[in-house]
Amino acid sequence: MTNNLQVFRWVKGLIKEAAPEKKVMTVYYKPIPQDDLSPPVSPNSSCLRFSRFRLATFLVVAALAVLFVTLSCLNGGWDFRGSVCLTPTDSALVHNVVTTHSPLARQVLPHCIIIGVRKAGTRAVLQYLQLHPDVAVAGYEVHFFDDNVNYSQGLDFYRRQMPYSLKHQLTIEKTPAYFHTLRVPERIAKMNNSIKLILVVREPVQRLISSYVQLASKKDYFPTFEEKVIDPDTDGVNENFKPVKRSLYYIFMNRWLKHFQLNQIHIVDGDLLIRDPFQEIYNVETFLGLEHKISKDTFTFNRTKGFYCLKLDDELGKRTKCLSKSKGRKHPAVDPEVLIQLRNYYKSANDLFFQQVHRRFKWS
Ligand code: A3P
């Protein structure tokens, strides 16, 4: 009877030869006689104790996994169409899925505005930033601060023009008309005087030519570049042609510096942006306090376009995405004397701008 009541505690071992029933088992249970008369415990119930432990471990691991997935989802977003969490890269590429489907997405006032300058590469900067998983960009130019009708509708109207974004994302809009519109700096400062601003500048004559090409592209007939920029009466530069004045950056910068600190305004070199987009966008990431997630490999030079384009690998497959046809247009050959005249015209204005921003650009 005592033998029948013999209580065994089964201990899991790792010694191969000791398992009596199965000779080649790697795991065995060694009986240890117990002297007390506690109720008999079967090997199975002892295993159960291990199972409970395993179950508890499993539950903890599962809970941690759920937490991890949830955090990943918050970081990358959730694709309800595919019912999968998006990786940061996915979320950048299927931005609209995240923004329109995530219950966590909301519209907030921008953390950063690309304020100009027109035709200096503002679209390229926005398009590159859109690749960053921690950025949500407005898909169109909002024209809130420069348009009195829009402005009169108030900040809630403005907020509703912003893209849907997740909590960790920075919202960015670009409206290049802001840079040269009189009341805009004051209005933006009134909304948020610690906002970050990005200004893209380009060699003033190239920017002027680009502006001219854009205007000409909208008309069946348009005077030549030389006819537009040189005043036939004085043979001087025609300051009545608006794009001429818009390359006088210091005039407008002066207004912005009345409302913002210089360190709030990051200046992108639009000429370098064309030649080395990775470096310029790296600097923008730094300015915005973003992790450097836009890689050099993303950019590929497209000979046909004559500009860098983006290498994408998303739900539409591997492909190259360039900016639209309206970006990177062919420029006309300009009379070299007019070019010299224009460069001289901008020289002192450029110097004033360099002093304002404590930085020199290679504009000769
Ligand atoms: P052009 O079309 O005259 O060459 P914005 O977006 O501010 O209107 O600026 C347009 C300019 O961005 C273009 O002017 C072009 O020079 C410049 N740009 C910079 N990177 C570009 C890119 N990757 N593809 C096309 N244009 C680019």
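You'll find the structure just up there.
For clarity, every value in this text was computed on a predicted model and none was experimentally measured.

Cut-offs used in this document
- Residues numbered from 1 in each chain as written.
- Predicted model: local features only at pLDDT ≥ 70, side-chain atom pairs only at ≥ 80, totals over all residues.
- Heavy atoms only, no water.
- Near = heavy atom within 4 Å.
- Polar contact = N/O pair within 3.5 Å; in protein donor to acceptor, adjacent residues only side chain to side chain.
- Areas by Shrake-Rupley, 256 points an atom, 1.4 Å probe, with all protein chains shown as cover.
- Helix = DSSP H or I, 4+ residues; strand = E, 2+ residues; numbered from the N terminus.
- Nonpolar A, V, L, I, M, F, W, Y, C, P; charged D, E, K, R; others polar.
- Buried < 20%, exposed > 50% of the residue type's maximum accessible area, 1.4 Å probe, protein only.
- Phe/Tyr/Trp six-rings, centres within 6.5 Å; stacked < 30°, edge-to-face > 60°.
- Lys NZ or Arg CZ within 6 Å of the ring centre and 35° of its normal.
- Axes fitted to C-alpha atoms, helices over the stretch in contact; angles between N-to-C directions.
- Parallel < 35°, antiparallel > 145°, perpendicular 65-115°, else oblique.
- Left-handed = near helix turned anticlockwise from the far one by under 90°.
- Contact = heavy atoms within 4.5 Å.
- Disulfide = S-S within 2.5 Å.
- Pairing = 2+ DSSP bridges.

Quick one: what's the story with the site of the ligand, residue by residue and with numbers?
Residues in contact with the ligand amount to 18 residues; listed here are only the nearest, T122, S210, K327, G328 and H331. For the ligand, an oxygen atom lies 3.2 Å from a polar atom in the backbone of K119. Within the backbone of A120, an N or O atom sits 3.3 Å from an oxygen atom of the ligand. Protein contacts shield 98% of the accessible area of the ligand, which totals 570 Å² for the unbound molecule. Those elements giving two or more residues to the shell around the ligand turn out to be helix 4 (122-129) and strand 13 (307-314). The element best represented in the shell around the ligand is helix 4, accounting for four residues. Split by residue class, the shell around the ligand holds seven nonpolar, six polar and five charged.

Lay out the side chain of Q264 with the relevant residues and their values.
Along the chain, Q264 turns up in the loop between helix 11 (249-257) and strand 11 (265-269). With a relative accessible area of 11%, Q264 lands in the buried category. Polar contacts involving the side chain of Q264 include one to the main-chain carbonyl oxygen of N193, which spans 2.8 Å. Within the structure, the side chain of Q264 is placed 2.9 Å from the backbone oxygen of I195, a separation counted as a polar contact.

Hey, could you go over the packing of aromatic side chains for me, with residue numbers and the actual values?
With the rule as written, the count across this model stands at 23 aromatic pairs. For the ring pair F278 and Y282, a centre distance of 5.9 Å and an interplane angle of 55° mean the geometry is tilted. Taken together, the positions of F278 and Y282, both in helix 13 (residues 277-288) and four residues apart, correspond to about one turn of that helix. Ring-pair connections join several aromatic residues into one group, and the members of that group are F144, F145, Y151, F157, Y158 and Y178. A cation over an aromatic ring shows up here: R187 above the ring of Y151, its NZ or CZ 4.0 Å from the ring centre. Cation over ring: K196 sits above F287, and NZ or CZ is 5.2 Å from the ring centre.

Account for the packing of helix 11 against helix 14 (residues 336-357), with residues named and values stated.
Packed helices, taken two at a time, are described by their axes: the angle between them and the distance between them. In the contact formed by helix 11 and helix 14, the axes pass within 8 Å of each other and the chain directions differ by 25°. By the angle class used here, helix 11 and helix 14 are roughly parallel. As helix 11 runs across helix 14, the sense of the crossing is left-handed. Facing Y249, Y250, M253, N254 and L257 of helix 11, the residues of helix 14 in contact are A349, L352, F353, Q356 and V357. Looking at side-chain class alone, the contact of helix 11 with helix 14 contains eight nonpolar, two polar and no charged residues.

Lay out the state of the cysteines in plain terms, naming residues and giving numbers.
Enumeration according to the criterion identifies one disulfide in this entry. At a sulfur-sulfur separation of 2.0 Å, the disulfide partner of C309 is C322. Between C309 and C322 the sulfur-sulfur dihedral comes to about 100°; the bridge is accordingly right-handed. A residue pair is termed long-range when its members are at least 10 positions apart, and C309 in strand 13 and C322 in the loop between strand 14 (317-321) and helix 14 qualify at 13 residues.

Please provide a residue-by-residue account of the pairing of strand 13, values included.
For a regular strand, the rule is simple: side chains alternate between the two faces of the sheet. Of the strand pairs in this sheet, strand 12 (residues 299-302) and strand 13 are connected by four bridges, and their pairing is antiparallel. Bridge pairing links F301 to Y308 in strand 13. Here strand 12 folds back onto strand 13 in antiparallel fashion, the turn holding four residues, of which G306 has a positive phi close to 80°. Pairing of strand 13 with strand 14 involves five bridges; the strand directions are antiparallel. In the strand pairing of strand 14, D313 is matched with K318. Connecting strand 13 to the next strand, strand 14, in antiparallel fashion are two residues.

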